[in-house]
Amino acid sequence: MNYPVRVMTIAGSAAGGSAGIQADLKTFEELDVYGMSIITAIVGRHPETNKNVHLQSVEAIEAQFSTAINQVGADGVKTGMLFSKEVIEVVARLIRKEEIQTVVVDPVMIGKMNSKLLKDDAIEELVHQLIPMATIITPNVPEASILLGGRELNTVEDLKQAAIDLHKLGAKSVLVKGGRLEGPAVDVLFNGTALTTFTAPRIDTVNTSGAGCTYSAAITANLTKGQAVAEAVGLAKSFVTTAIEHGFSYTDIVGPTFHAASRKFGEAHPIKIETLT
Ligand code: PXL
């Protein structure tokens, strides 16, 4: 038997199951990779204040990481919610030491419920310690804006310039996820030479909790399986668009995307991919 490639997520636990570690592991399973998790923080429901973020100790993070590495090993890693300078520092050190091939950094800062998932004083650490190691970083519009010192991003042209400028931080590729702009959902990839846009139709739903985590997790799975960056992003976008289309809610609170949607219903939305050099 050919065993699946091994992918680790280092992120926060989102108890509701839609985002964070839970979204990552569900996505890994759907995409046939072996998932492992290193929990940096436990986030309660509606974490509007930091009160509901239970940060794990550096020792707990190191212990989880060495368990996963020693029992399994890792071909790819994704980082999500890291919250503090201290956590970023330890995570960067652990990844560097293991020389993991594929490193996806999702610079998670603020959740959909406005929960703070990264302290203000940790941004510099993220930029200097983690982003330069990344195969790809996957900021959404607010995150890209913060990483660019508060620049306003309103159009796809703005996103293209943002991807080019963020590439200077040292990641091999940058994907700016434009889902929060109006109109079709356009994401922009820059790999240092070419700009590629990925366009999906806008889906009329509020149930998109965890969409960003799911998208970046799918990119991580695809890259670790050996796909080229543009292919990995295109297939991941198709996966997440289908998950968003079939998103739902059990309550009157913004609900999850449906991670199993591609498997159950097939992928309904071809992604338009255009490369400009
Ligand atoms: O979707 C961003 C996100 C990431 N990680 C954790 C979260 C959230 C959003 O709530 O709770 C742990």
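Residues numbered from 1 in each chain as written. Predicted model: local features only at pLDDT ≥ 70, side-chain atom pairs only at ≥ 80, totals over all residues. Heavy atoms only, no water.

The name an unreviewed UniProt entry assigns to the protein chain is Hydroxymethylpyrimidine/phosphomethylpyrimidine kinase, from the organism Oceanobacillus profundus. Listed under Sequence similarities (unreviewed entry) in UniProt, the entry text for the protein chain is "Belongs to the ThiD family." (UniProt positions renumbered as here; feature names shortened; annotations may be inferred.)

Draft legend 1. Spotlight on the site of the ligand. By nearness alone, every residue bordering the ligand is listed as Gly-12, Ala-14, Ala-19, Gly-20, Val-43, Met-81, Val-108, Gly-111, Leu-117 and Cys-213. In isolation the ligand exposes 320 Å². Once the protein is present, 86% of that is buried. Residue composition of the shell around the ligand, grouped by class: 7 nonpolar, 3 polar and no charged. (Near = heavy atom within 4 Å. Areas by Shrake-Rupley, 256 points an atom, 1.4 Å probe, with all protein chains shown as cover. Nonpolar A, V, L, I, M, F, W, Y, C, P; charged D, E, K, R; others polar.)

Draft legend 2. Molecular detail of unusual backbone geometry. Residue Phe-83 is not a glycine yet carries a positive backbone phi of 65°. Counting through the fold element by element, Phe-83 comes out in the loop between strand 4 (76-79) and helix 3 (85-98). The backbone of Glu-99 shows a phi angle near 50°, a positive value even though the residue is not glycine. Looking at the element boundaries, Glu-99 is found in the loop between helix 3 and strand 5 (102-105). (Helix = DSSP H or I, 4+ residues; strand = E, 2+ residues; numbered from the N terminus.)

Draft legend 3. Local environment of helix 6 (residues 156-167). The end-to-end C-alpha distance of helix 6, which contains 12 residues, comes to 17 Å, matching closely the 16 Å that a straight helix rising 1.5 Å per residue would cover. Along helix 6, the positions that sit buried rather than exposed are Leu-159, Lys-160, Ala-162, Ala-163, Asp-165 and Leu-166. Contacts from the buried residues of helix 6 go to helix 5 (141-147), strand 7 (173-177), strand 8 (185-190), strand 9 (195-200) and strand 10 (272-276). (Expected span 1.5 Å × (residues − 1). Buried < 20%, exposed > 50% of the residue type's maximum accessible area, 1.4 Å probe, protein only. Contact = heavy atoms within 4.5 Å.)

Draft legend 4. Looking closely at the environment of His-246. Position of His-246 among the secondary structure elements: in the loop between helix 8 (229-245) and helix 9 (261-265). Sequence separation of His-246 and Thr-205 is 41 residues, and the distance between their C-alpha atoms is 9.1 Å. Among all residues touching His-246, those that are not within four sequence positions of it are Phe-258, Ala-261 and Phe-265.

Draft legend 5. Spotlight on the pattern of salt bridges. Taken as a whole and assessed by the stated rule, the structure comprises 11 salt bridges. The residue Lys-97 makes a salt bridge to Glu-98 at a minimum N-O spacing of 3.8 Å. Relative accessible area serves as the criterion here: at 31%, Glu-98 is assigned to the partly exposed category. One salt bridge in this structure joins Asp-120 and Lys-116, with 2.8 Å as the shortest N-O distance. For Lys-116, a relative accessible area of 31% translates into the label partly exposed. (Salt bridge = Lys/Arg side-chain N within 4 Å of Asp/Glu carboxyl O.)

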